[in-house]
Amino acid sequence: MNLTLKIWRQKSNTDKGSLETYPISDVSEDMSFLEMLDVLNEELIEKAIDPVAFDHDCREGICGMCSLYINGEAHGPDRRVTTCQLHMRKFKDGDTIFIEPFRANAFPIIKDLVVDRSAFDRIQQSGGFVSVNTSGNTQDANSIPIPKDDADIAFDAATCIGCGACVASCKNSSAMLFVSAKVSQFSLLPQGQVEAKERVINMVNKMDEEGFGNCTNTGACEVECPKGISLDNISRMNREFISANIKK
Amino acid sequence: MSKSTFYTSIGYKILMALSGLFLMVFLLQHLVINSLSVVSPESFNEASHFMGTNPLVQFLLQPVLIFGVVFHFIMGFFLDLRNRKSRTFNYAYNKPSANSSWPSRNMIISGITVLAFLAIHFIDFWIPEISTKYIAGDMSGLMNDGEFRYYHELHEKFNALPRVIAYVIAFVFLSLHLLHGFQSSFQSVGVSTNKTRSSFYKIGTIFAIVVPFGFITIALFHFLTQH
């Protein structure tokens, strides 16, 4: 199929940037979206044009590295997939496809479609971990009984790959879905409950410090999340936050 | 909870939700009293006189209500401005309808419409009421003929078609505001879960239809019974 791509080009963080138009022909419907961009970049290199910079790594929907706001939606029009899992069969011959970077002030653009999502790393570093006692007396995790429901919910929360689609989709650029998934995956398990109070307070404070907006419960994040992280996590984080502040 | 708890994104959400829940309770009791004007003018007069002269209502609940209204609106504007600052460069092509409802994304628009309505409502009812009671000093609630004035005043106000149209429009926007606001407030205070979310949504939808359209019915009743 033949397509018209409207791609955001921006040389650097300080550059103004603009949408540029690139026609592309003979696109196979079996290609992944990123493979289509690979083909475009080969054509651009042949024409001595700077190739389009975009984030990618595993191309299996696990690493959380790929992003892109495609035709007005994070990771494109398909559901429960990352951009690397999106296939060109989702588009029609003659379509015009808008490709933009994830936009949020907390995710500054580095180049073209590449954004700096290290704010998520800093939020994780503020509390998204379990401190392990290395004295030699650490109990084997498998010997601690955990209710099946709690283990399942914690596992579902832990499938968050930190891609930032929630922030990109939210009209307020809120990171609540990401932070709440990280809070939930630990707070539901006995190993994580020891530091639960400090964790939720520190991660929420860090989230605010990084400049993410307020959650207004539109639910856009849950719909666009490639891993289907539930809004229930946000409600749980709100409960944990209230509880932690009452007990502190 | 410490003071700093409320100066966080979650703290703001909780305060917004609590003030919203308080205002929803007020709306419900306002609807119940106004409904009396349709079924029994005498009961409406008695309830209005009680609410208008009871010191507890007048000097405790009324100031709390005014504070709640002002707080909810100021917080709404504050949070909207704060959220706009988190994305200063917008998408060239955005498709929000693919993932969220119009009422959930436009609470500020429905909220401003309700605020504009409140200004009309205050001019129509609250200011004349305060003027009669606390400036003219007439706490009797009676007209010259010895009858209670409350039903007469309400009925007369809805004689004018432009006022009725303004009320209907405002209550449609209130309905849209409540459609998202009801279930959203339970999510913000952490009560909502995967198991209860659909129930809050259903109850919220019923509340968002019954309460505003109840007020619309009352306004239409008083208009139609005069024409």
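Structure shown above.
Values in this document were obtained by computation on a predicted structure and should not be read as measured data.

Draft legend 1. Looking closely at the side chain of Glu240(A). All names here are of chain A. Looking at the secondary structure, you find Glu-240 in helix 9 (residues 232–247). Here Glu-240 sits buried without a salt bridge, and the closest side chain of opposite charge, Arg-236, lies 5.8 Å off (N-O distance). Of note is the side chain of Glu-240, whose polar atom sits 3.2 Å from the side chain of Ser-187. In this structure Glu-240 touches Ser-187, Ala-196 and Val-200, once residues within four positions along its chain are discounted.

Draft legend 2. Summary view of the pairing of strand 5 (residues 96–100) of chain A. Residues and elements named next belong to chain A. Most of strand 5 is tucked away: 4 of the 5 residues are buried. The pairing of strand 1 (residues 3–9) with strand 5 spans 4 bridges and is classified as parallel. Counterpart to Leu-5 in the pairing with strand 5 is Ile-97. In terms of strand pairing, strand 3 (residues 69–70) meets strand 5 through 2 bridges, oriented antiparallel. In the sheet register, Tyr-69 faces strand 5, and the bridge partner there is Glu-100.

Draft legend 3. Quick look at the side chain of Arg149(B). All names here are of chain B. Residue placement: Arg-149 occurs in the loop between helix 5 (107–135) and helix 6 (150–157). With a relative accessible area of 5%, Arg-149 lands in the buried category. Separated by 3.0 Å, the side chains of Arg-149 and Glu-129 make a polar contact. If we ignore the near neighbours within four places in the chain, the residues touching Arg-149 are Asn-45, Glu-129, Thr-132, Lys-133, Gly-141, Leu-142 and Met-143.

Conventions used here
- Residues numbered from 1 in each chain as written.
- Chains lettered and ligands numbered in written order.
- Predicted model: local features only at pLDDT ≥ 70, side-chain atom pairs only at ≥ 80, totals over all residues.
- Heavy atoms only, no water.
- Helix = DSSP H or I, 4+ residues; strand = E, 2+ residues; numbered from the N terminus.
- Buried < 20%, exposed > 50% of the residue type's maximum accessible area, 1.4 Å probe, protein only.
- Lys, Arg positive; Asp, Glu negative; His and termini not counted.
- Salt bridge = Lys/Arg side-chain N within 4 Å of Asp/Glu carboxyl O.
- Polar contact = N/O pair within 3.5 Å; in protein donor to acceptor, adjacent residues only side chain to side chain.
- Contact = heavy atoms within 4.5 Å.
- Pairing = 2+ DSSP bridges.

In short, the description is geometric, and any link to function would need to be established separately.
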